[in-house]
Every structure is written in structure tokens, then in C-alpha cells.
Amino acid sequence: MADQDLSHAGASGPPGYAVADLTRLAASGGVPDAAVLARRARRWGWWYYIEYWLVNAKAWAVSIGLYMVVMPLVYLIALGLGLGLLVDRGVGTVGGSGGSGGVPYLTFVGPALLVATVVMSVGGELTYPVMAGFKWRRLYWAPRATPVSPQQIAVGHLGGVLIRFVLQSTVFWVMLLLFHAAPSGWSWLTVPVGVLTAAAFGAPLQAYAAHLTDEGYQFAFVQRFVIMPMFLFAGTFFPLSVMPVYLQWIGWISPVWHGTQLARQAAYGAVEPLWLTLVHLAVLLLFTSVGVALARRTYARRLGR
Amino acid sequence: MTSRATASTDGVVASGTQAVIRAVGLTKVYGRVRAVDGVSFEIAHGESFGLLGPNGAGKSTTMRIIGGTLQRTGGVMTVAGLDPAESGPEVRAHLGVVPQEDNLDEELSVRDNLIMYGRYFGLPYAYLRPKADELLEFAQLAEWAKAKVGDLSGGMKRRLTIARSLVNEPQVLLLDEPTTGLDPQARHVLWDRLFRLKEAGVTLVVTTHFMDEAEQLCDRLVVMDHGRIMAEGTPRELIRGYSTREVLEVRFGAEHNAVAAERLADVGSRLEVLPDRLLIYADDGDAALRQVAARGLSPITSLVRRSSLEDVFLRLTGRSLID
């Protein structure tokens, strides 16, 4: 069919593309009905965005991969082995009551570092890149012109980022094993806990970033006054209970503390009442779902419904 | 399966007679600003339709309402018989969109930009991989397939954006200011590509504030200003209806133009005074120039040219297209 049209194709216009090919280019018949495509997009649009995010992440794979391996090493050596040596010499063990039932400091701090470092990485993934999507590079506007919806773009971006944290948490967990810092058989559960904590902090942060229309100088504020305090005061380096009561609320309201406590249970069987474990889970799920709902709404508003 | 079903079928037939896009009394209000104010038009299948007007005329807003990425305040809008406000994904599934500002992913390769965009339509990789290569050929970017978009020139990025908009073989292509910011040569290459697409049966909807682009690309167009349609027709009809065959442009120097204008008021059928020159509308520009000379006026420069859409716009709004 293409051949018969070729005869009167090459004569006009610059070289590079014959008219016969163009008819095929414009309508090869390989594209299904609009209703079919729309149905696919309604169901899978969020995943299409994740696919895009993953292809995009390939460009950074080496540096992210290196970071994922080096960061746990640095933290575990410095805090677990270095500081841990001092702590263990001083008080013996941590986390027990009255000096008994505790674990070595490395074991205590290891799963907490997994959670805390993941949350710190969230601070980079769901702030400036969100602003780039709406404004700086207008990347969200590309899928917006397709059957994919703004809500799916929001969920897809979060989803892509969480896939990164599955990897990052897994690498950290393997490091914990190598350092003999995760004695429990359930220690692999630190991986889903890390990802859930990333979602619990990431989704609201994404919603907040989506709502900003200026140049994003607020992100430095988030870094200094939200992420750093969580890192230092939410039970990562010492049990929340050793802090004065008037500072403990920082832990209670931060996803990091709830995630950390869960990770400790998984990694070495830290003992907590069942209700508190359920509270940890509930808080993380609540942060995540409220964050996702807000992000979806904000994306829809900014990209036009 | 009774009267109701019949009624709705009639509605589709009535609205679907060859019109791919139909707008009736379209409005979009932002607070107190009526960005689009009662706009009506119909675009036939295979037609190349233009929205000509200055920045802020409501062209891009109209385009976004067509694609369903912006909700209208009032009026009727159908694309292939569907309301984009209700069936956005269905409408966009067979729509190609070239936005005013490129939103390519500069970190991704040229080819991946096409493939990943195609995924948003739910198209499989088996279709997209060969399609991407064809599109790169079409956009004359085959050699750049593996390059990062950030390394392309402005004209190449624009061609890539157009190629990307074709990945789903759209029946309608929405082009918002397709050649703004490009040099003349790059513009001509793009116009050639778009013209070929139209020949292949793709309906083109183009917004532009360049009259030469409108004349090159559009079978038919509406002139928009302040969210309203001022006139509608083919470029020739509009020029014939709102201007004379020729225009005489004379310059007497900024200080003297106004004085000269008073003495030339009855030359030609109409006179426009612009800051830097006078435009004398006459069917015979040379004759008008002789009349100017006969009155003892000698302009610094003079030029006789054919009327263009720029003149139509000036006549309709009293302003230039590009302020």
C-alpha cells in the first residue's frame, strides 16, 4: 500500500519524509479507540507516571546507588561503632529497664537510622522536584495533556519516589545484617516500615510543595525546622523517654518516631504494648492517606480539573 | 430504549455533521476578568483553523477548554461529539497538544521523551518503539535519538514537541503559538511539517499572534481580542472584507506624521496613523503614492504592499497584533 503512493511523494518539499509515510504516520491504524485508551488511562495512569519516573531516575542511578550504599556505612560506622563503643562502655546496653533487657547501642540505633535517613532523603525528593513539575520545568503539564489525570500524576510521583525507598531501605537492611545489628528473624520488616514512614512524611510534604507557587525558599525552612528536629529529637539516638516530657511531643507528632519504634520491634524485638504498636501504624497510615488526599486535590486545582 | 434514547441520538447527528470541534457561547471567567467571552465556532474535519489575536486575547484559554484541562464557566463545547469537561480522558486520547512552552524532559533522551509520553496514552512499547523512530524521521531528529533534549536547539525542541504530540496519531492537533521564538528558517521547516500533516488528514487548530503564520497555516480563522471573536473567515475573505487590496506605507519622521496625516485624510479609502508611519488603504497603492506627491509631500520612505491580516486586525481593534 505504501509503495503505490510513493510515486508522487518525493517530488515536493524538503527531503527526509515521503508523503506516503506521512499518511501512515498520521493514521497507521495501530491506535485503539479513544474509549479503550481512556479506560486504560483511568486504571493505569498512575503507573504510567511511575514508569516515566523510573526511566528518568536511570539518569541518576549511579549517584543514587552510591549514596544508598555509602550513607548507611557512614552512619553505622560513626554512630553505631564509634559512638556505640562509648555508650556500651558507659551504660552497658540501651533500651532495657534498669540496665537489663537492653541491646548494644549499634543494634538500638541501626533500625532508627534506616528510618531517619530515608525520611531525610524524602526531603529532597518531594520538594524541589514537585516545584519543577508545576513551574520550573513544567514537567507535569506533559502528562496533563494526555488521558492521565492530575490526581494520577500526584500518586504516580509519590509512587516512583517510594520505589526508590524500597531499594534504599533494602540496602540499609542488608547493611544492618552485615553489621550484625538486626538479630531478629523479622528484621526484613524494617524495609516496609521504612517505606511506610517515607510515605507518611512524603505525602503531606508533597501536598505542601504542590501548594507553593513561589520559588520554594520554604524548603530550606522545612529542612532546618522540621527534618532536623525530627532527626535529633524523635528517638533516633536515644529513647524518647529520656527526654524531658515537654520535648517528647516532638516525637509523638513526627512520623520518624512512630516508624523508628516499629523498626526497632522488627529489627531486634524491642518490647512495646500492643496498643502502642497499633498507634504507630495508625499514625503512619493516617499521615499517608491525608497527605495523598491533599496532594491529589492540590494537583487537580493547579493543573486544572 | 424509547423516546429518550432516540432524542440523544438525534442530538449527536445534529451536532456531528462534519464538525470535529464545536463551541457555542463559550465563556471563562476568572474573578472579574472574562478571559473568554461568548465565543462560538465550528471546526470541520481535516480543516486548519486559526485563532489569531494578541497575547491575552483568550486563545490559549480556549485551547485548554477544548482539551478539557480547564473548566469553562459557560457555554457548550464538544470534541468529536464529547464534552471535554466530562469525558476528558476520552477527548485527550485522540488529541495532540503542542503547548506554548515546551515541557519536554531535558534529562531524558530525545527518543525516551517520545516513548514515555506515548505510555500516558496506554500505548504498548511494541507500538511505541517503531513509532518513535518514524516520528524522529519526520521531525528530522533521527541522528539525535540518543541525545539528551537539553542539548537540542530551540527549533529542534519545537520539532520534537510536535513529533511527541503525534505519538497517539491524533485526529486533532492543538498548536498553541507553535513557532514563537524561532528563527525564520526554523519556522518555515515547521510550517512545512504541519502542512503535510494537514494533507494527511489531521485537523489543525492553531493559535498565533503572527499574521504570516495564520496566512501560511490556516484555511479559516477567527480574529480574537479581549476574549471575543471580532471576525471570522478565510484569510482572503477577511482581507477583502476588512481591508483594501493594497496598502501604502509612508514615513515622514515621527514629528511630521501627524501633520502629514491631516493633509492626506482623503487619499485612499482609509488612513491609519501609527507612531512611526502612516498607512494609506487604497486598492491602487501606486496611485495613492502619486496623490501624496501631488500634494507636495515627500515621504522619507514609501512602500506599497498587499493587505495582510495585520491590517485586518488593525481595522477591527485599532491596535497592532504585536504591541
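Caption draft 1: Highlighting the layout of surface pockets. What the second largest pocket holds in volume is close to 470 Å³. What lines the second largest pocket is a set of 24 residues, among which W141 of chain A together with R64, P99, Q100 and D176 of chain B lie closest to the centre. Within the residue set of the lining of the second largest pocket, elements represented by two or more residues are helix 7 (141-144) of chain A together with helix 2 (59-67), strand 5 (95-98) and strand 6 (172-176) of chain B. At five residues, the largest contribution of residues to the lining of the second largest pocket is made by helix 2 of chain B. Classifying every residue of the lining of the second largest pocket by side-chain character gives 11 nonpolar, six polar and seven charged.

Caption draft 2: Main features of helix 2 of chain B. Residue and element names in this part refer to chain B. Counting buried positions over the nine residues of helix 2 gives seven, a clear majority of the element. The set of residues buried in helix 2 consists of K59, T61, T62, M63, I65, I66 and G67. At the exit of helix 2 stands G68, carrying a positive phi of roughly 75°.

Caption draft 3: View of the nonpolar core. The biggest cluster of nonpolar side chains holds 161 residues, and the ones touching the most others in it are I21 and L160 of chain B. Looking at which domains feed residues into this core, each of domain 1 (1-31) and domain 2 (34-302) of chain A supplies at least three. The residues touching I21 of chain B, leaving out its near neighbours within four places in the chain, are F41, E42, I43, I66, M77, T78, V79, V172 and V205 of chain B.

Caption draft 4: Inspection of the packing of helix 5 (residues 105-125) of chain A against helix 8 (residues 150-178) of chain A at higher detail. All names here are of chain A. Orientation of helix 5 relative to helix 8, taken along the N-to-C sense of each, is 150°, at an axis distance of 10 Å. By the angle class used here, helix 5 and helix 8 are roughly antiparallel. Crossing angle aside, the handedness with which helix 5 passes helix 8 is right-handed. Two secondary-structure elements touch here, helix 5 through G110, P111, L113, L114, T117, V118, S121, V122 and E125 and helix 8 through H157, V161, R164, F165, Q168, S169, F172, W173 and L176. Partitioned by chemical class, the residues of the contact of helix 5 with helix 8 number 10 nonpolar, six polar and two charged.

Parameters and conventions
Residues numbered from 1 in each chain as written. Chains lettered and ligands numbered in written order. Predicted model: local features only at pLDDT ≥ 70, side-chain atom pairs only at ≥ 80, totals over all residues. Heavy atoms only, no water. 1 Å grid on protein atoms, 1.4 Å probe; cavity = no way out; pocket = protein on both sides within 12 Å on 5 of 7 lines; lining within 4 Å. Points joined across faces, edges and corners; volume = space filled by probe spheres on them. Helix = DSSP H or I, 4+ residues; strand = E, 2+ residues; numbered from the N terminus. Nonpolar A, V, L, I, M, F, W, Y, C, P; charged D, E, K, R; others polar. Buried < 20%, exposed > 50% of the residue type's maximum accessible area, 1.4 Å probe, protein only. Core = buried A, V, L, I, M, F, W, Y, C linked by side-chain atoms within 4.5 Å. Domains from an automatic or database assignment. Contact = heavy atoms within 4.5 Å. Axes fitted to C-alpha atoms, helices over the stretch in contact; angles between N-to-C directions. Parallel < 35°, antiparallel > 145°, perpendicular 65-115°, else oblique. Left-handed = near helix turned anticlockwise from the far one by under 90°.

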